[in-house]
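# Notes for the structure review
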Amino acid sequence: MDATIRARTSAAVPLRFSPPVGGVAGTSFKPEHLTAILDEGPQRGFFEVHAENYMGAGGPPHRMLERLRRDHPLSLHGVCMSIGGPAPLDRAHLARFRGLVARYQPALVSEHLAWSTHDTSFFNDLLPLPYNKATLTHVCDHIDEVQEAIRRPILLENPSTYVAFRNSTMCETDFIRTVAERTGCGLLLDINNVFVSAANHCFPALQYLDDFPLARVGEIHLAGHAEQRDEGKLLLIDSHDGPVADAVWKLFEIVIGRCGPVPTLIEWDSNIPDWPVLKAEAAAAQTILDRHVGRLRHAA
């Protein structure tokens, strides 16, 4: 173990939770909500953070996260690993990611099926990739490398897309299924991403979900999206800046009915509301999860 990882591991806080977190709903953690969260005391759900916001050695971000982690499970969500990119993974970035996993021992660890780097530049956008044999090879190699580094499986998130590649030879669901089978990774099903991509590319969202390997889903994301016009045509943007749309809630209910209660996160990353608003979105998700727990018990 290198010195960087050793230093971060030594700072680990006492842990009270072991993965998995079960069929509960959580929210993105925003620092402005910390006081309200702590005032309410330990809660049933979990919190998810973007790994890149905590890759410094210490300071206020880690003090807040350590305080939160004492009473709640965490989900660590990476956004800059560039698993879908053709270039080798950034080893320094991977080492920092590994250090966070060792330090906080999150219940869930996830990354995106996307690319986000070029040379030494990191982009804010999660860019799409062609689904073909060449891409499949380097995506699987990258996932193997990440999982070897952190000594545990990750969850791979399906993307929201706005363009498609002519040189794709596989559909997205077949590509994701093959990646999961080859690497042993789990999947993070972002239902808002499915809805956004379906609208943008004019395919049925339910057909996508019919083809998706739901048995491998270890976490679900729900979020709001925005509507724009592109040359007069409707374009949906995965904006994470508002409540979950009714149509996405309906898809979520269908998915939970098929695969049972799965840890579910409400993502809200801009135009951040007060804590009670975000908490209410998570409570709505929890109501659906609990309803299906009750059905499973009744069936048993």
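First things first, this report covers the structure right here in the doc. (Residues numbered from 1 in each chain as written. Predicted model: local features only at pLDDT ≥ 70, side-chain atom pairs only at ≥ 80, totals over all residues. Heavy atoms only, no water.)

## What to know about the nonpolar core
Across soluble globular proteins, nonpolar side chains show a tendency to be buried alongside one another. Counting 68 residues, the largest nonpolar core has Phe97, Val179, Leu189, Ile191, Ile220, Leu222 and Phe252 as its most contacted members. Considering each element in turn, this core owes the most residues, seven residues, to helix H5 (residues 133-150). Excluding anything up to four places from it in sequence, valine 179 contacts Leu136, Val139, Cys140, Ile143, Leu156, Gly184 and Cys185. (Core = buried A, V, L, I, M, F, W, Y, C linked by side-chain atoms within 4.5 Å. Buried < 20%, exposed > 50% of the residue type's maximum accessible area, 1.4 Å probe, protein only. Helix = DSSP H or I, 4+ residues; strand = E, 2+ residues; numbered from the N terminus. Contact = heavy atoms within 4.5 Å.)

## What to know about the environment of valine 277
Note that valine 277 resides in helix H10 (residues 275-299). Judged by its relative accessible area of 40%, valine 277 falls in the partly exposed class. Taking the C-alpha atoms as reference points, valine 277 and proline 243, separated by 34 residues in sequence, lie 8.9 Å from one another.

## Details of the packing of helix H3 (residues 60-69) against helix H4 (residues 91-104)
In the contact formed by H3 and H4, the axes pass within 11 Å of each other and the chain directions differ by 40 degrees. Between H3 and H4, the interaxial angle falls into the category oblique. Note on element contacts: H4 touches H3 through Leu100, Arg103 and Tyr104, opposite His62, Leu65, Glu66 and Arg69. (Axes fitted to C-alpha atoms, helices over the stretch in contact; angles between N-to-C directions. Parallel < 35°, antiparallel > 145°, perpendicular 65-115°, else oblique.)

## Topic: the sheet that holds strand E7 (residues 155-157)
One closed barrel accounts for eight strands, arranged E1-E2-E3-E4-E7-E8-E9-E12; its pairing is parallel. Shown here is a sheet whose adjacent strand axes are inclined to one another by a mean of 30 degrees, direction ignored. Direction of pairing for strand E3 (residues 74-77) relative to strand E4 (residues 108-112): parallel, over a ladder of three bridges. Looking at the pairing, histidine 77 lines up with serine 110 of E4. (Pairing = 2+ DSSP bridges.)

## Structural notes on the side chain of asparagine 192
Along the chain, asparagine 192 turns up in helix H7 (residues 191-201). Of the residues examined, asparagine 192 reaches a relative accessible area of 0% and is grouped as buried. Residue contacts for asparagine 192: discarding those within four places in its chain leaves His221, Ala223, Gly224, His225, Asp238 and Val248.

## A word on the packing of aromatic side chains
The tally for this structure, following the rule as stated, stands at six aromatic pairs. Where phenylalanine 47 meets tryptophan 275, the ring centres are 6.0 Å apart and the plane angle is 35 degrees; that geometry is what we call tilted. Of this pair, phenylalanine 47 sits in strand E2 (residues 47-50) while tryptophan 275 sits in helix H10, placing them 228 residues apart in sequence. According to the relative accessible area criterion, phenylalanine 47 is buried, its value standing at 2%. One aromatic cluster is present, built from ring pairs that chain together Phe29, Phe47 and Trp275. (Phe/Tyr/Trp six-rings, centres within 6.5 Å; stacked < 30°, edge-to-face > 60°.)

## A look at the environment of alanine 180
Mapping alanine 180 onto the fold places it in helix H6 (residues 172-183). Relative accessible area serves as the criterion here: at 0%, alanine 180 is assigned to the buried category. Separated by 26 residues in sequence, alanine 180 and isoleucine 154 place their C-alpha atoms 10.0 Å apart. Look past the residues within four positions of alanine 180 in its chain and what remains in contact with it is Cys185, Leu187 and Arg216.

## Digging into a nonpolar patch on the surface
A contiguous nonpolar surface patch, about 260 Å² in accessible area, is contributed by Tyr162, Val163 and Phe165. Of note, tyrosine 162 is situated in the loop between E7 and H6. Owing to a relative accessible area of 34%, tyrosine 162 belongs among the partly exposed residues under this scheme. (Patch = residues over 30% accessible without salt bridge, like charges linked within 9 Å, V, L, I, M, F, W, Y side chains within 5 Å. Areas by Shrake-Rupley, 256 points an atom, 1.4 Å probe, with all protein chains shown as cover. Salt bridge = Lys/Arg side-chain N within 4 Å of Asp/Glu carboxyl O.)

## Focus on H3
Taken as a whole, H3 has its buried residues at His62, Leu65, Glu66, Leu68 and Arg69. The arc that holds every buried residue of H3, seen down its axis, measures 160 degrees, which confines them to one face. If you follow the buried residues of H3, they end up packed against helix H2 (34-40), E2, E3 and H4. (Arc of directions from axis to C-beta.)

## Looking at the pairing of strand E12 (residues 264-267)
Burial along E12 is two-sided: the residues Thr264 and Ile266 and Leu265 and Glu267 are all buried. The pairing of strand E1 (residues 25-28) with E12 spans three bridges and is parallel. Note on E12: the bridge partner recorded for alanine 25 is threonine 264. Relative to E12, strand E9 (residues 217-223) runs parallel, the two sharing four bridges. Each bridged residue has a counterpart across the sheet, and for isoleucine 220 the counterpart in E12 is threonine 264.

## Observations concerning H5
An α-helix turns once every 3.6 residues. As a result, residues three or four positions apart point the same way. For H5, built from 18 residues, the straight-helix expectation of 26 Å at 1.5 Å per residue is met to within 8% by its first-to-last C-alpha distance of 26 Å. Every buried residue of H5 is accounted for by Thr135, Leu136, His138, Val139, Cys140, His142, Ile143, Val146, Gln147, Ala149 and Ile150. Its buried side turned inward, H5 meets H4, E4, E7 and H6. Sitting at the head of H5, asparagine 132 places a side-chain oxygen 3.3 Å from the backbone nitrogen of alanine 134. Positive phi appears at arginine 151, one or two residues downstream of H5, with a value of about 60 degrees. (Expected span 1.5 Å × (residues − 1). Polar contact = N/O pair within 3.5 Å; in protein donor to acceptor, adjacent residues only side chain to side chain.)

Don't take any of this as a statement about function, it's just geometry.
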